[in-house]
Amino acid sequence: MFVSKYSNPEFSPYDDETVPDTTVPGNWPAPTVTHALSASLSLPGSKSLTNRELVLAALSDGPSRLHSPLHSRDSALMIQALRALGVGITEIPTGNAFGPDLQVTPGELEGGTSIDCGLAGTVMRFLPPVAALALGPVAFDGDEAALRRPMRTTIDSLRALGVDVSDDGRGTLPFSLYGMGTVAGGEVSIDASASSQFVSGLLLAAARFDNGLTLRHTGEKLPSMPHIEMTIECLAARGVVVESPEPGVWIVPAGPIRAIDVVLEPDLSNAAPFLAAAVVAGGSVTIEGWPETTTQVGADLEQLLPLFGATAIRKDGALTIDGGVGVVGGQRYPGVELDLSTGGELAPAIVALAALASSASTITGIGHLRGHETDRLAALRTEINALGGSVTELDDGLHIEPAALHGGIWHSYEDHRMSTAGAIIGLAIEGVEIEGIESTAKTLPQFPELWRTLVGDAPLTTNTLGLL
């Protein structure tokens, strides 16, 4: 558990040598609304893009500047880790309410260090291939919950590339490797069924391998393909062209990774609870800076939320969700049948909406969420049912029957998306109290302030970042 200092705009998460690891006492009363919303928000940069660009900038052939990056626990952990490996990262003040730009200067990668992964999948799966390019030992560890996240695919793939890895047979954190300064590369086969991050982690570093990489996925399914497409697009922008001659096979040639300046898109997955709020409360919520085209899975919200009776409007570089009168106003939408295999990180918000529907819903394609920050299927089932819901866990998803919900404690399991799912339900159900709201600092430290202001439960202050 940890407390976020990042919600204070005067605090920079990179001033300290370590990431804070204390606990905020008490539960957070989720605001309930009685009126329709009318709000326009801007959000900080994408976590997925920020951590990919940090890695690529660290491996590039010169300095890169990241404009409007995310400043959160996950990005702080990535920066802390890259600095430990010898990468120079400095802040460039810009006046951006969400924090400074980042100047990344590659250096000679050095071992003899340890890396705290926290609970960040992008750190624990992206950085081991980078650390293999360093000279010397590198140890990886993380939060207690991180020790339950699957890592065997990363460990086995590094061994297949000739990297000396020691994990005592666990297939999880903690583990260590001994970098020799180079990785031969070549052909590797992996089963990435548990997470697309196993593929992305190898692709990000592959151009720096002596012989590049031919990577083959051997599993029956591969979740979150848009995240792999995001990785390939980030590489292409830096001059690394990834070929995919057939589904599940990627070829990365050896060569330089070009240094470029990058403007980060806002995090569209973090937009999910705010846009879902319009469906529950009624009225409209607008997210500014919505990209015309993107590989972020959050873009699917434009098609998903109308399934719950909302209207999606794209205009002047923004996305607006108009929820009509909303659940609070008496509008009951039917349940949905959805395969979310390409956008599993949206599942907690979608399941929260399904729990308020007038008929049954079945959400599939999300079995891999059992290996995320927590077992999200079990967590969603447990917490919704504890509030009077009727959720059944399936092999590959959840089935939700309509039920009269009531207030109670909503546990976060140190998972940011569990916290925000509870906040969505709390809009319509009085007395929902979220344990561990500080978990939202993982990708959106300002969530509690933004949420309370969004629903009119708190005044707009200088600490409420991004609300226009």
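Before going into details, it helps to say that this report is about the structure given with it. (Residues numbered from 1 in each chain as written. Predicted model: local features only at pLDDT ≥ 70, side-chain atom pairs only at ≥ 80, totals over all residues. Heavy atoms only, no water.)

## Looking at the nonpolar core
Ranked by internal contacts, the top residues of the largest apolar core, which has 74 residues, are F274, L275, W410, W451 and L454. Top contributing element to this core by residue count: helix α7 (residues 272-281), with 9 residues. Not counting chain neighbours up to four residues away, the residues in contact with L275 comprise V285, I287, W290, L301, L305, L319 and I321. Of all hydrophobic cores here, the second largest spans 73 residues; its members include A120, L161, L177 and V242. (Core = buried A, V, L, I, M, F, W, Y, C linked by side-chain atoms within 4.5 Å. Buried < 20%, exposed > 50% of the residue type's maximum accessible area, 1.4 Å probe, protein only. Helix = DSSP H or I, 4+ residues; strand = E, 2+ residues; numbered from the N terminus. Contact = heavy atoms within 4.5 Å.)

## Let's talk about unusual backbone geometry
Look at the link from L173 to P174: it is a cis peptide, with omega at -5 degrees. By secondary structure assignment, the location of P174 is in the loop between β8 (164-166) and β9 (175-180). Positive phi values are uncommon outside glycine, yet D316 reaches one of about 50 degrees. Positionally, D316 belongs in the loop between β15 (311-315) and β16 (318-322). When its relative accessible area of 70% is taken as the criterion, D316 is described as exposed. Even without being glycine, Y413 reaches a positive phi, approximately 60 degrees. Examined against the element boundaries, Y413 turns out to sit in the loop between β21 (408-411) and α11 (416-428).

## A look at the packing of helix α2 (residues 73-84) against helix α3 (residues 121-131)
Relative to each other, α2 and α3 sit at 25 degrees, their axes nearing to 9 Å. By the angle between their axes, α2 is roughly parallel relative to α3. In this structure, α2 crosses over α3, and the sense of that crossing is right-handed. Facing D74, L77, M78, A81 and L82 of α2, the residues of α3 in contact are T122, V123, F126 and L127. (Axes fitted to C-alpha atoms, helices over the stretch in contact; angles between N-to-C directions. Parallel < 35°, antiparallel > 145°, perpendicular 65-115°, else oblique. Left-handed = near helix turned anticlockwise from the far one by under 90°.)

## Focus: the pairing of β15
With 5 bridges connecting them, β15 and β16 associate as antiparallel partners. If you follow A312 over to β16, its bridge partner there is I321. Counted between consecutive antiparallel strands, the loop separating β15 from β16 contains 2 residues, among which D316 sits at a positive phi close to 50 degrees. (Pairing = 2+ DSSP bridges.)

## Remarks on the sheet that holds strand β4 (residues 88-92)
As summarised here, the arrangement of the 4 strands in space is β4-β5-β3-β13, forming an open sheet in which the pairing is mixed. Bordering the open sheet on either side are β4 and β13 (262-263), each of which pairs with just one other strand. Examined bridge by bridge, strand β3 (residues 64-67) and strand β5 (residues 101-105) share 3 bridges and lie antiparallel to one another. Looking across to β5, one finds that R65 is bridged to Q103.

## Some details on the packing of aromatic side chains
Overall, the coordinates contain 6 aromatic pairs when judged by the stated rule. Residues F308 and Y333 carry aromatic rings whose centres are separated by 5.2 Å and whose planes lie at 80 degrees to one another, so their mutual orientation is edge-to-face. In this pair, F308 sits in the loop between α8 (301-304) and β15 while Y333 sits in the loop between β16 and β17 (337-339), placing the two residues 25 residues apart along the sequence. Among the residues examined, F308 registers a relative accessible area of 0% and is labelled buried. (Phe/Tyr/Trp six-rings, centres within 6.5 Å; stacked < 30°, edge-to-face > 60°.)

## Looking at the sheet that holds strand β2 (residues 37-41)
Strand order in the open sheet made by the 4 strands is β2-β14-β16-β15, with mixed pairing throughout. Edge positions in the sheet fall to β2 and β15, since each has one partner strand and no second. The sheet shows a mean angle of 15 degrees between the axes of neighbouring strands, taken without regard to direction. Judged from the 5 bridges that link them, strand β14 (residues 283-288) and β16 form a sheet pairing that is antiparallel. Its bridge partner lying in β16, V285 is registered against I321. Of the strands in this sheet, β2, β14 and β16 are in contact with α7, which crosses β14 at around 170 degrees.

## Points about empty space enclosed by the protein
Here the structure, examined in full by the defined rule, presents 5 cavities of 30 Å³ or more. Counted as a void, the largest cavity has a volume near 270 Å³. Looking at the largest cavity, it is lined by 21 residues, and the ones nearest its centre are K47, Q197, H227, E345 and H372. When contributions to the lining of the largest cavity are tallied by element, the ones reaching two or more residues are α1 (47-58), α3 and α11. Partitioned by chemical class, the residues of the lining of the largest cavity number no nonpolar, 12 polar and 9 charged. If you add up the space inside the second largest cavity, you get close to 110 Å³. Lining the second largest cavity are 15 residues, and of these S269, N270, P273, R417 and T420 lie nearest its centre. For the lining of the second largest cavity, the element with the most residues is α11, which contributes 3 residues. The class makeup of the residues in the lining of the second largest cavity is 7 nonpolar, 6 polar and 2 charged. (1 Å grid on protein atoms, 1.4 Å probe; cavity = no way out; pocket = protein on both sides within 12 Å on 5 of 7 lines; lining within 4 Å. Points joined across faces, edges and corners; volume = space filled by probe spheres on them. Nonpolar A, V, L, I, M, F, W, Y, C, P; charged D, E, K, R; others polar.)

## Some details on the environment of T453
Its location among the elements puts T453 in helix α12 (residues 447-454). On the basis of relative accessibility, which here comes to 11%, the residue T453 falls in the buried class. The sequence separation of T453 and A39 amounts to 414 residues, and the corresponding C-alpha distance is 9.3 Å.

## Some thoughts on the pairing of β5
Here β4 runs beside β5; their pairing, made up of 5 bridges, is antiparallel. Within β5, the position partnered with I89 by the bridge is V104.

## A few points about the environment of I79
The topology assignment puts I79 in helix α2. With 11 residues separating them along the chain, I79 and T90 place their C-alpha atoms 9.7 Å apart.

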